[in-house]
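Here is how the chains run, residue by residue.
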Amino acid sequence: MSAAGPVRSRIAGTGSYLPAKVLTNRDLESMVDTTDEWIVSRTGIRERRIAADGEFTSDLALAASRQALAAAGLRPGDIDLIVLATSTPDMVFPSSACLLQKKLGIRHGAAFDVQAVCTGFIYALATADQYIRSGMFRRALVVGAEVFSRILDWKDRGTCVLFGDGAGAVVLEAAGEAGVLSAHLHADGAYADILSTPGHVCGGKVLGDPTLKMDGGAVFKLAVRVLEECAHETLSANGLAVPDVDWFVAHQANVRIISHTARKLGIPPEKCVVTVDRHANTSAASIPLALDVAARDGRIRPGHLVLLEGVGGGFTWGSVLVRW
Ligand code: COA
């Protein structure tokens, strides 16, 4: 790190984890009135993973975190901040971040959850980046982990085919040069109703419906619009243009959302990282899952410009631009 340079953050390692149980589109054909052909043509999804009984968000997060730490050449004790993005925490409290901290055997620093649904990892990464830039923490574990299979209505073919369980993680550490070039975060609660899980715990009971509800068409239109706007905002804030982007790693909800957005932006398909076919929409886990795959298979290389973009319930959306 240069003595005079500002403190920034860089991604030092990535990791991911998918539960062992595979649920294919064919399996879903015997559960709801759907077909493999419908699911693949509308979403690009072929299969999703389902967490085992007794396997919780913090367990998925642990497996992904261990991989990210190993990739960074670090031990759990080197971490002084855990920011975990999830909408499906292990319990009401403590936070899944604290439960992960316990499983990693870390007893110092800070740990908390971030709740921004499918934009959760972008919010978490932006948050950890700010703490590192300020000098308050040096090395952060930033995790997205979800067990969405537990908040789905398995009789609703309009939603149950779209989601799955998984986790992804990165180690973010202080560095002399970026790293993370910028983060842009947005929310508009006026759209709360188009994607929600409205039930809540009260008086020892779950009140309201605790399964995911969605207006798919409204979500699709909004997602494509805000992802395009946010990409332009991000690149222009950095004095960069679309051709400068080496990899577009968007929230893995639906291959059509990714390809529509990329087409509108002028990003060619070969620059888009797509893993949604293998794990469906894993909400906050999807971006670090895709990032880990492309980092491990050698597509993302040092010097590459990587545009991460998320969108999801809230409504929330945002970007993190990274020089690898
Ligand atoms: N299998 C078969 N048919 C299905 C189905 C399924 N799993 N789910 C819905 N359908 C039916 C609908 O009932 C509808 O039937 P109808 O015309 O008789 O009413 C028909 O398919 C067409 O539905 P439509 O909603 O027009 O399809 P679509 O092309 O818009 O695709 C989504 C639906 C959900 C795939 C699409 O809207 C979408 O991807 N939205 C975004 C979802 C998302 O990514 N959410 C998370 C964002 S973070």
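Residues numbered from 1 in each chain as written. Predicted model: local features only at pLDDT ≥ 70, side-chain atom pairs only at ≥ 80, totals over all residues. Heavy atoms only, no water.

**Student:** Mind laying out the site of the ligand, listing which residues take part and the relevant values?
**Tutor:** Close to the ligand lie 22 residues, the nearest being T34, R42, R157, G216 and N254. A distance of 2.8 Å separates an oxygen atom of the ligand from a polar side-chain atom of R42. Separating an oxygen atom of the ligand from a side-chain N or O atom of N254 is a distance of 2.5 Å. For the ligand, the protein covers 67% of the area, taking 960 Å² as the surface of the free molecule. (Near = heavy atom within 4 Å. Polar contact = N/O pair within 3.5 Å; in protein donor to acceptor, adjacent residues only side chain to side chain. Areas by Shrake-Rupley, 256 points an atom, 1.4 Å probe, with all protein chains shown as cover.)

**Student:** Explain the side chain of T43 residue by residue, including any values.
**Tutor:** Among the secondary structure elements, T43 is positioned in helix α2 (residues 36-43). Reaching out from T43, the side chain makes a polar contact with the backbone nitrogen of I45 at a distance of 3.0 Å. Once residues within four sequence positions are removed from consideration, T43 is found in contact with L162, N254, V255, R256 and V276. (Helix = DSSP H or I, 4+ residues; strand = E, 2+ residues; numbered from the N terminus. Contact = heavy atoms within 4.5 Å.)

**Student:** So what about the packing of helix α7 (residues 216-237) against helix α8 (residues 255-265)? Which residues, and what values?
**Tutor:** Where α7 contacts α8, the two axes come as close as 9 Å, and the packing angle between them is 40°. Judged by the angle between their axes, α7 and α8 are oblique. Taken as a pair, α7 and α8 cross one another with a handedness that is right-handed. Where α7 approaches α8, its residues F220, A223, V224, L227, E228, A231 and H232 are matched on the opposing element by R256, I257, H260, T261, K264 and L265. Its residues assigned to classes, the contact of α7 with α8 comprises seven nonpolar, three polar and three charged. (Axes fitted to C-alpha atoms, helices over the stretch in contact; angles between N-to-C directions. Parallel < 35°, antiparallel > 145°, perpendicular 65-115°, else oblique. Left-handed = near helix turned anticlockwise from the far one by under 90°. Nonpolar A, V, L, I, M, F, W, Y, C, P; charged D, E, K, R; others polar.)

**Student:** Which residues make up the sheet that holds strand β8 (residues 180-187), and what values do they have?
**Tutor:** Hydrogen bonding along the main chain pairs the strands of a sheet, whether they run parallel or antiparallel. The four strands are arranged β8-β15-β14-β13 in an open sheet whose pairing can be described as mixed. Only two strands of the sheet have a single partner each, and these edge strands are β8 and β13 (247-250). In this sheet, adjacent strand axes meet at a mean angle of 10° when their direction is disregarded. Here β13 pairs with strand β14 (residues 305-312) via four bridges, running parallel. (Pairing = 2+ DSSP bridges.)

**Student:** Hey, could you go over unusual backbone geometry for me, with residue numbers and the actual values?
**Tutor:** Cis geometry is adopted by the peptide bond preceding P94, which originates at F93 and carries an omega value of 5°. With respect to the secondary-structure elements, P94 resides in the loop between β4 (81-85) and α4 (96-104). Of note, the bond from G314 into F315 is cis; its omega dihedral lies within 30 degrees of zero at -5°. For F315, the position within the fold is in the loop between β14 and β15 (316-323). Positive phi values are uncommon outside glycine, yet V117 reaches one of about 50°. Residue placement: V117 occurs in the loop between β5 (110-114) and α5 (120-134). Classification of V117 by relative accessible area gives buried; the value is 19%. Even without glycine at this site, S283 takes up a positive phi of about 50°. Relative to the assigned elements, S283 resides in the loop between α9 (276-279) and α10 (286-296). Classification of S283 by relative accessible area gives buried; the value is 1%. (Buried < 20%, exposed > 50% of the residue type's maximum accessible area, 1.4 Å probe, protein only.)

**Student:** Give me the lowdown on helix α3 (residues 57-72), citing residues and values where you can.
**Tutor:** Taking 1.5 Å as the rise per residue, α3 with 16 residues should run 22 Å; its terminal C-alpha atoms sit 22 Å apart, in good agreement. Of all the positions in α3, only T57, S58, L60, A61, L62, A64, S65, A68 and L69 are classed as buried. Against the buried residues of α3 lie β1 (8-17), β4, α4, β6 (139-147) and β7 (165-175). Directly after α3, the chain includes G73, whose backbone phi takes a positive value near 70°. (Expected span 1.5 Å × (residues − 1).)

**Student:** Lay out the packing of aromatic side chains in plain terms, naming residues and giving numbers.
**Tutor:** Under the counting rule described, the total for this entry stands at three aromatic pairs. Judged by centre distance (6.2 Å) and plane angle (70°), the ring pair of F112 and Y131 falls under edge-to-face. Taken together, the residues span a long stretch of sequence, with F112 in strand β5 and Y131 in helix α5 at a distance of 19 residues. Among the aromatic residues, those joined into a ring-pair cluster are F112, Y131 and F137. Here the basic side chain of R150 rests over the ring of F56, its NZ or CZ set 5.5 Å away from the ring centre. In this structure, R299 is placed above the aromatic ring of W247, and the distance from its NZ or CZ to the ring centre is 6.0 Å. (Phe/Tyr/Trp six-rings, centres within 6.5 Å; stacked < 30°, edge-to-face > 60°. Lys NZ or Arg CZ within 6 Å of the ring centre and 35° of its normal.)

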